[in-house]
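Each chain, written out:
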There are 2 protein chains.
Amino acid sequence: MSCLVTAPADAPEIVALLARLRGLAPLTEEEAERVAGLARLPARETAARQELRAEGQSAPPLLLLAGWACRVHILPDGRRQIISFLLPGDIIGRGRPSLAELCSINSLTRLRHVDASSLVTGGEETPLARALRALELQEVAQLRDQVVRLGRQMAHERMAGLLLEFEARLTAAGLASGGCFAMPLTQEVLADALGLSVVHLNRTLQQMRREGLIALKGRVVTLKQTAALRSIADWQPPPRLAG
Amino acid sequence: MSCLVTAPADAPEIVALLARLRGLAPLTEEEAERVAGLARLPARETAARQELRAEGQSAPPLLLLAGWACRVHILPDGRRQIISFLLPGDIIGRGRPSLAELCSINSLTRLRHVDASSLVTGGEETPLARALRALELQEVAQLRDQVVRLGRQMAHERMAGLLLEFEARLTAAGLASGGCFAMPLTQEVLADALGLSVVHLNRTLQQMRREGLIALKGRVVTLKQTAALRSIADWQPPPRLAG
DNA sequence: CGCGTTATTGAGGCCGGTCAAACCATGTGG
DNA sequence: CCACATGGTTTGACCGGCCTCAATAACGCG
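None of the values given here were measured: they were computed from a predicted structure. (Residues numbered from 1 in each chain as written. Chains lettered and ligands numbered in written order. Predicted model: local features only at pLDDT ≥ 70, side-chain atom pairs only at ≥ 80, totals over all residues. Heavy atoms only, no water.)

A. Expanded view of the protein's contact with DNA strand D. Taken together, 17 residues surround DNA strand D, and among them Arg 49, Gln 187 and Gln 206 of chain A together with Ser 197 and His 200 of chain B come closest. Interatomic distance of 2.7 Å between a side-chain N/O atom of Gln 187 of chain A and a phosphate oxygen of DNA strand D. Between DNA strand D and the protein, one listed contact pairs a phosphate oxygen with a side-chain N or O atom of His 200 of chain B at 2.9 Å. Elements represented by at least two residues in the surface near DNA strand D include exactly helix 8 (198–210) of chain A together with helix 8 (198–210) of chain B. If you tally residues by element for the surface near DNA strand D, the top one is helix 8 of chain A, at five residues. The residue makeup of the surface near DNA strand D, split by class, is five nonpolar, seven polar and five charged. (Near = heavy atom within 4 Å. Polar contact = N/O pair within 3.5 Å; in protein donor to acceptor, adjacent residues only side chain to side chain. Helix = DSSP H or I, 4+ residues; strand = E, 2+ residues; numbered from the N terminus. Nonpolar A, V, L, I, M, F, W, Y, C, P; charged D, E, K, R; others polar.)

B. Main features of the pairing of strand 5 (residues 80–86) of chain B. Residues and elements named next belong to chain B. Of all the seven residues making up strand 5, six are buried; the element is thus mostly covered by neighbouring parts of the structure. Bridge count for strand 4 (residues 69–74) against strand 5 is six bridges, and the pairing is antiparallel. Directly across from Ala 69, in strand 5, lies its bridge partner Leu 86. The loop that links strand 4 with its antiparallel partner strand 5 comprises five residues; one of these, Gly 78, has a positive phi angle of about 105°. (Buried < 20%, exposed > 50% of the residue type's maximum accessible area, 1.4 Å probe, protein only. Pairing = 2+ DSSP bridges.)

C. Just the relation of the copies chain B and chain A, in detail. Mapping chain B onto chain A leaves a residual RMSD of 0.0 Å; the transformation is a rotation of 180° accompanied by 0.0 Å of translation along its axis. The relationship between the two copies is best expressed as a two-fold rotation axis. When you check the interface residues of chain B against chain A, 100% turn up at the interface there too, and the contact is symmetric in its surfaces. (Least-squares fit on C-alpha atoms with pLDDT ≥ 70 in both. Contact = heavy atoms within 4.5 Å.)

D. The arrangement of the protein's contact with DNA strand C in detail. For DNA strand C, the set of nearby residues contains 16 residues, the closest of which are Arg 49, Gln 187, Asn 202, Gln 206 and Arg 219 of chain B. Between a phosphate oxygen of DNA strand C and a main-chain N or O atom of Gly 195 of chain A, the distance comes to 3.3 Å. Note that a phosphate oxygen of DNA strand C is positioned 2.8 Å from one of the side-chain N or O atoms of Gln 187 of chain B. Elements with a minimum of two residues in the surface near DNA strand C: helix 8 of chain A together with helix 8 of chain B. Tallied by class, the residues present in the surface near DNA strand C amount to five nonpolar, seven polar and four charged.

E. Molecular detail of the environment of His 156 of chain B. All names here are of chain B. Note that His 156 resides in helix 6 (residues 155–172). Considering only alpha carbons, one finds His 156 and Arg 40, 116 residues apart in sequence, at a separation of 43 Å. His 156 has contacts with Thr 204, Met 208 and Ile 232, leaving out every residue within four places of it along the chain.

Note that every value here comes from positions in space, so none of it alone points to a role or purpose.
Here's what the structure looks like:
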């Protein structure tokens, strides 16, 4: 087992997760190894547009290795609201009732994920447990931002805020650099997240492109004027409240 | 000390809190006594319209005995979004970073509260800890509902949903019965919570009165057609996910 | 009673919704 | 290699829910 400690976990997703967790709490060697061990677990795949978990349904925690998913709520008449997004490197569920159990979770693209049960231990106050709690807290902070966006911001402000959130999260996951990243979402999904119609979202996006705030080629976004976007969206990087 | 166990904690707020917690997890005698003990602590008061806590600021947990407060976010140009409400019987903060640290907390009325540090212990997996976690989870569920309201519902649907949430929470706190309760909020506060202008909120409220869905005298609300309201708002009572 | 806050009402305008069609990329099977 | 189907993007025209501005009525309180 000790030989495994020194063996680098070369899967880039795991490396990124490890870096992210270490930024939240100083993991012990044993814990770091536990995280690295996820790389050797069999990865599962889920197709796009599948219901990964129904609302209220309990299931073991998952580490998302690749692909995007979302928490979603559908109104009886078909209106759809995306509550939040799940990106590579995110952990879904905590082994006990949490945000994961409160909404249905749908895959937006093809997903790759592994069981992350090995990360959640009992109630001991370990560094890893603190890091995971901090991760959970970041999700709640995203929810708060989402409320502000939907409640009091204009279309372009909402879009700016969401893009900045994506950039920050993907950068933390090692999937963005220089404000440039892949965003495998249709405009309909963006509209359902931002509480807008597809048509208006489209026009908003075009306006922002015209103003040189962002660039969009295929599914690759580039934030061209991060400072301006931040000011538009009143967005600031998530606090580092380790718990 | 054993004599205190049998002595009833006669403060009605504490009785309600105890009932609420017991509904979430079967407390031990010692824990019930710990909760009841809060009644003998000195209560503090805070005037209306005060910033109880600034965003990011850490502080000991509080049990709200009387009065209403809210988490709020103000945009640079003055637009205000109320994230969620804090009602009597709610616990603010958990002794470690939580939702409480993520937003500024403001009193909406005069408040009465006591320090609730005695409730939060270490990381042990006790029934009380589980009940408190379930309480925390309910707050997150309210956040989710708020996102759906603001993102995809019309003004009257939002209002219906919020009123149903108030009724459920106040009933749990022993402050509502028969769909009737005191709601010490100005229409401006309601508007800032629901992402509407005061003017439109006012008209929405009147429309709902005219339709016989609710009644409003002074600051007392009566839900006249709960079933209809539920259907309008797509609202359902919070799940009893004990953690 | 007088003043500040809150509630209500009216008029007009804009942001964003809806409907509908055209355009485009991708992929599939003949 | 093309005809066609499919899902996504883009446009245009029109509409309506909600906002803003502004003024008036109704409280509530010292």
